[in-house]
Amino acid sequence: MATGLALGGDVEQALESVGVPSYVLDTTGVVRWINPAAERLLGDIRGRHYTSVVAPEDTRRAHELFSRKVFGTAQATEATGVLVSTAGTRVTVELSAVPLVSGERVVGVFGLVEERHDETLTAPHQHLTPRQVEVLRLLEQGRSTKQIAAELHLSIETVRNHIRRLFRALGVHSRLEAVAAARAAPRPETG
């Protein structure tokens, strides 16, 4: 059985023309390549560490996902989050990424970025912890306690505790109220 992409074509040149924002990170997390669609969305981020374009409230989760690919514990990851363009604009996105492998070794990460116009994620609340913001985002996406636990690699009881503390912080009593309160909260100014 043949493996690899033995078509004889120039994959990088083809990806330059694709309308979907795409990127390549090295194993240290530095952006080594972006296509023009990604540059239009985020600006020229080549040579910068990926965390420099991840919204502060999403940095921890981004690091977890990146590490899982680099250490070979995830074949692929998908996540919704917020990136910050070089102009300072917050962009809600869906990210899909896979490790780039040469032989047995991970040599980088390839990803696709889809801008989400139809889904408004919460802006960070000053009084919420980064983990509470993560849990709130997953609640907004309709995730169950069990699904949140699996995605964040936490026990179900730990997620329940985070949800209870989130409710107290927002002054609400249900998931629906938490999502409504988050969406009604004033958004920070963007550059």
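Structure's up top.
Here we summarise the structure given alongside this text. (Residues numbered from 1 in each chain as written. Predicted model: local features only at pLDDT ≥ 70, side-chain atom pairs only at ≥ 80, totals over all residues. Heavy atoms only, no water.)

**Let's talk about the pairing of strand E4 (residues 90–102)**
Inclusion rule: Two strands make a pair as long as DSSP finds a minimum of two bridges between them. Only DSSP runs of H or I covering at least 4 residues are called helices, and only runs of E covering at least 2 are called strands; the numbering of each starts at the N terminus.
By the bridge criterion, eight bridges tie strand E3 (residues 77–84) to E4 in an arrangement that is antiparallel. Its bridge partner being in E4, Ala 79 is matched across the sheet by Leu 95. The hairpin turn running from E3 into E4, its antiparallel successor, is five residues long, and Gly 88 in that turn takes a positive phi close to 90°. In the sheet, E4 pairs with strand E5 (residues 105–115) via ten bridges, with the strands oriented antiparallel. Paired with Val 93 across the bridge in E5 is Glu 115.

**Remarks on the packing of aromatic side chains**
Counted only if it meets this: When two rings of Phe, Tyr or Trp (its six-membered ring) have centres within 6.5 Å they constitute a pair, described as stacked for plane angles under 30 degrees, edge-to-face for angles over 60, and tilted for the intermediate range.
All told, the structure shown has one aromatic pair when counted by the stated rule. Judged by centre distance (4.8 Å) and plane angle (35°), the rings of Tyr 50 and Phe 66 are tilted. Here Tyr 50, found in the loop between helix H2 (36–42) and helix H3 (59–70), pairs with Phe 66, found in helix H3; they are 16 residues apart in sequence, far enough to count as distant.

**Describing the packing of helix H4 (residues 130–140) against helix H5 (residues 145–152)**
The condition is simple: Lines fitted to C-alpha atoms define the axes here, with helix axes fitted over just the stretch in contact, and angles between the N-to-C directions of these axes take values from 0 to 180 degrees. Here roughly perpendicular refers to angles of 65 to 115 degrees, roughly parallel to angles under 35, roughly antiparallel to angles over 145, and oblique to all remaining angles. Crossings are sorted by hand: turned counterclockwise from the far helix by less than a right angle, the near helix makes the crossing left-handed, and turned clockwise it makes it right-handed. By definition in these notes, contact holds between two residues if any of their heavy atoms fall within 4.5 Å.
It is at 10 Å that the axes of H4 and H5 come closest, and there the two elements cross at 130°. Looking at the two axes, H4 sits oblique to H5. Taken as a pair, H4 and H5 cross one another with a handedness that is right-handed. Residue-level contacts link Arg 131, Glu 134, Val 135, Leu 138 and Leu 139 of H4 to Ile 148, Glu 151 and Leu 152 of H5.

**Observations concerning the pattern of salt bridges**
Counted only if it meets this: Salt bridges, as used here, are contacts in which a Lys or Arg side-chain nitrogen is within 4 Å of a carboxyl oxygen on Asp or Glu. Note on exposure labels: buried denotes an accessible area under 20% of the residue type's maximum, exposed denotes more than 50%, and partly exposed covers the range between, all computed with a 1.4 Å probe on protein chains only.
Per the stated rule, a full pass over the model turns up 15 salt bridges. A salt bridge links Arg 137 to Glu 57; its shortest N-O distance comes to 2.9 Å. Here Arg 137, found in helix H4, pairs with Glu 57, found in the loop between H2 and H3; they are 80 residues apart in sequence, far enough to count as distant. Across the pair Arg 131 and Glu 134 runs a salt bridge, and its minimum N-O distance is 2.9 Å. Linking Arg 131 with Glu 134, this pair stays in helix H4, spanning three residues, or about one helical turn. For the pair Arg 131 and Glu 134, one class covers both residues: buried. Among the charged side chains, a network of salt bridges with common partners joins Arg 60, Arg 61, Glu 64, Arg 131, Glu 134, Arg 143 and Glu 151.

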